[in-house]
Amino acid sequence: MGFSEAQEELVLRSWKAMKKDTESIALKFFFRIFEIAPGAKQMFPFLRDAGDAPLESHPKLKTHAVSVFVMACESATQLRNTGDVKVREAALKRLGASHVKAGVEDAHFEVVKTALLDTIRDAVPDMWTPEMKAAWEEAYDQLAAAIKEEMKKAA
Ligand code: HEM
């Protein structure tokens, strides 16, 4: 099933609405991940070494959260254009290697997906519809599949 222009529009429109508030959205996204899977905290070196320091004080949290959002948006655009996710090859290789190194497993991608969808739902409640959820799911799933494929090669 192809990804339609309407689906791309849903993803990009909601991201545009969230973008001005990336700081708090990034934090909520991470809190949700750790709520679902507390053990995932151990994977992030800057959290592992942080002792009891509050999560809010880690600027790196924002970087990962924003990467996931932005890359899912790019994935939506690529899916609509070509029916396939084509993260630049070098970028995909690096993503495969870094996630293997961090000890990320398939199940974590599901956790991150749930946290992503919950975060968007809570950030843009007026826009949220089953169609918007499905569009983000598809964009994320295809991106995650491309990263997982590269992780297999890197393992
Ligand atoms: C690192 C994106 C899913 C945990 C990174 C980096 C990016 C990224 C861009 C920076 C390093 C690099 O560029 O190679 C994504 C995207 C994801 C995703 C787009 C989903 C589609 C996950 C999942 C987990 C995870 C499911 C596990 C909970 C990590 C960790 C690092 C990392 C631990 C290393 C952080 C560090 O050492 O500073 N990710 N990621 N990521 N990611 Fe992800």
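**Q** Which residues make up the coordination of the iron atom of the ligand, and what values go with them?
**A** In the first shell of the iron atom of the ligand, the protein supplies His64 (NE2) and His99 (NE2), at 2.0 Å from the metal. Seen from the iron atom of the ligand, its 6 donor atoms lie at angles of 89 to 180°, and the figure they make is octahedral. On the criterion of sequence distance, the pair formed by His64 in helix 4 (residues 59-82) and His99 in helix 5 (residues 89-101) is long-range, its members being 35 residues apart.

**Q** Let's hear about the site of the ligand: which residues, and what values?
**A** The full set close to the ligand counts 20 residues, and Met43, His64, Arg94, Ser98 and His99 are the nearest of them. The separation between a nitrogen atom of the ligand and a polar side-chain atom of His64 is 2.9 Å. Taken together, the elements giving at least two residues each to the shell around the ligand come down to helix 3 (45-48), helix 4, helix 5, helix 6 (106-123) and helix 7 (130-154).

**Q** Which residues make up the pattern of salt bridges, and what values go with them?
**A** Scanning the entire structure with this criterion turns up 12 salt bridges. Asp118 is the partner of Arg32 in a salt bridge, and the nearest nitrogen-oxygen pair spans 2.6 Å. Remark: Asp118 occurs in helix 6 and Arg32 occurs in helix 2 (residues 22-36); sequence separation between them is 86 residues. Under the relative-accessibility criterion, Arg32 is labelled partly exposed at 26%. Where salt bridges share partners, they join Arg32, Glu35, Asp118, Arg121 and Asp122 into one cluster.

The rules we used
Residues numbered from 1 in each chain as written. Predicted model: local features only at pLDDT ≥ 70, side-chain atom pairs only at ≥ 80, totals over all residues. Heavy atoms only, no water. Donors = N, O, S within 2.8 Å, 3.2 Å for Na, K, Ca; no water. Tetrahedral: all angles 85-135°; square planar, octahedral: opposite > 155°, others 65-115°. Helix = DSSP H or I, 4+ residues; strand = E, 2+ residues; numbered from the N terminus. Near = heavy atom within 4 Å. Polar contact = N/O pair within 3.5 Å; in protein donor to acceptor, adjacent residues only side chain to side chain. Salt bridge = Lys/Arg side-chain N within 4 Å of Asp/Glu carboxyl O. Buried < 20%, exposed > 50% of the residue type's maximum accessible area, 1.4 Å probe, protein only.

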